[in-house]
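If you want the building blocks of each chain, they are given just below.
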Amino acid sequence: MPSTEVRRWIAASALIGFGQQVWVVFRNQLLHDLGLPASVLGVVQGSGAAAGVLAGVAGLWLLSRRSAESLLRVGAFANAAGFAAQVVATRPWQFVLGAVVAGVGIQMLTMASGPFLARRVGDRDRVWTYALQVVAIQTLPGALGAVLGGEIQRSVAAGGASAVDGHRAA
């Protein structure tokens, strides 16, 4: 039976994964609805990915100097802050900045979750726990995020709000 900490992390992974899925789908539509050039999408996504790579390199150094728990906290905060910055963004540079911050957060979460779980799960439960964490942070949110996010967006827009407001609400 996984520890309370492990169960909390699996639940947090599901929430983080769900939020990421919903936001990325609707951020792309938001960029379009704000009238920004299509080329901005590639820059935004690329800057988040590049920041994640740099965070990965830094993380190799950080993991030997900081606890996995502290990196998970930093990752969750950076992820939320980056997406929050994009929710209120109206200019391309604001979306890029948000993507960079979120990219760092996503990479920190990815890097630190393995060491965090490895210290809390016995050999017998390790494969099951890692698989559950992947389902929680990627697979399940991918399916539910698009459906629920679409319903939220549709409901807000049906209530008389603009498409932009619907994307931001989702």
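So, here is what we can say about the structure in this document. This structure is a prediction, so every number in the text was calculated from the model and none was measured.

Calculation criteria
Residues numbered from 1 in each chain as written. Predicted model: local features only at pLDDT ≥ 70, side-chain atom pairs only at ≥ 80, totals over all residues. Heavy atoms only, no water. Helix = DSSP H or I, 4+ residues; strand = E, 2+ residues; numbered from the N terminus. Rg over C-alpha atoms; globule rule 2.2 N^0.38 Å. Buried < 20%, exposed > 50% of the residue type's maximum accessible area, 1.4 Å probe, protein only. Contact = heavy atoms within 4.5 Å. Areas by Shrake-Rupley, 256 points an atom, 1.4 Å probe, with all protein chains shown as cover. Lys, Arg positive; Asp, Glu negative; His and termini not counted. Charge placed at Lys NZ, Arg CZ, Asp CG, Glu CD. Salt bridge = Lys/Arg side-chain N within 4 Å of Asp/Glu carboxyl O. Phe/Tyr/Trp six-rings, centres within 6.5 Å; stacked < 30°, edge-to-face > 60°. Core = buried A, V, L, I, M, F, W, Y, C linked by side-chain atoms within 4.5 Å.

Helix and strand counts for the protein chain come out as six helices and zero strands. Shown N-terminal to C-terminal, the secondary structure of the protein chain runs as helices and strands in the order α-α-α-α-α-α. The globule rule puts the C-alpha radius of gyration for 170 residues at 15 Å, and the 17 Å found for the protein chain is close to it. The principal-axis extent of the C-alpha atoms belonging to the protein chain is close to 50 × 30 × 20 Å. Out of the 170 residues belonging to the protein chain, those deemed buried represent 36%. Expressed as a percentage of contacts within the protein chain between residues at least 6 apart in sequence, the contacts between residues at least 24 apart total 73%. Split by element, the accessible area of the protein chain, about 9000 Å² in all, is 68% carbon and sulfur. The centroid of the 13 positive side-chain charges in the protein chain is displaced by 7 Å from the centroid of its 7 negative side-chain charges.

Evaluated as defined, the whole model comprises four salt bridges. Here Arg120 and Glu69 are joined by a salt bridge, their closest N and O atoms 2.0 Å apart. Of the two residues, Arg120 is situated in the loop between helix H4 (92-118) and helix H5 (123-158) and Glu69 in helix H3 (residues 68-87); the sequence distance between them amounts to 51 residues. Judged by relative accessible area, which is 21%, Glu69 ranks as partly exposed. Across the pair Glu151 and Arg154 runs a salt bridge, and its minimum N-O distance is 2.5 Å. Residue Glu151 and its partner Arg154 are located together in helix H5, separated by three residues, close to a single helical turn. Residues participating in the shared-partner salt-bridge network are Glu5, Glu69 and Arg120.

Residue position: Thr90 is located in the loop between H3 and H4. Between the C-alpha atoms of Thr90 and Tyr130, which are 40 residues apart in sequence, the distance is 38 Å. Excluding its chain neighbours within four sequence positions, the residues that come into contact with Thr90 are Leu34, Leu36, Phe95 and Arg168.

On to the packing of aromatic side chains, then. If you walk through the whole model with that rule in mind, you get one aromatic pair. On the basis of an interplanar angle of 70 degrees and a centroid distance of 6.4 Å, the ring pair of Trp9 and Phe116 is categorised as edge-to-face. Note that Trp9 is positioned in helix H1 (residues 4-33) and Phe116 in helix H4, a separation of 107 residues in sequence.

Here we take up the nonpolar core. In globular proteins that are soluble, nonpolar side chains generally tend to be buried together. Membership of the largest hydrophobic core comes to 17 residues, with the highest contact counts inside it found for Trp9, Leu72 and Phe116. Contributions of two or more residues to this core are made by H1, helix H2 (39-62), H3, H4 and H5. No other element matches the five residues that H4 contributes to this core. When neighbours within four sequence positions are excluded, Leu72 is seen to be in contact with Trp9, Leu109, Ala112, Ser113 and Phe116. In this structure, Val40, Ala89, Ala102 and Val164 belong to the second largest nonpolar core, which totals 12 residues.

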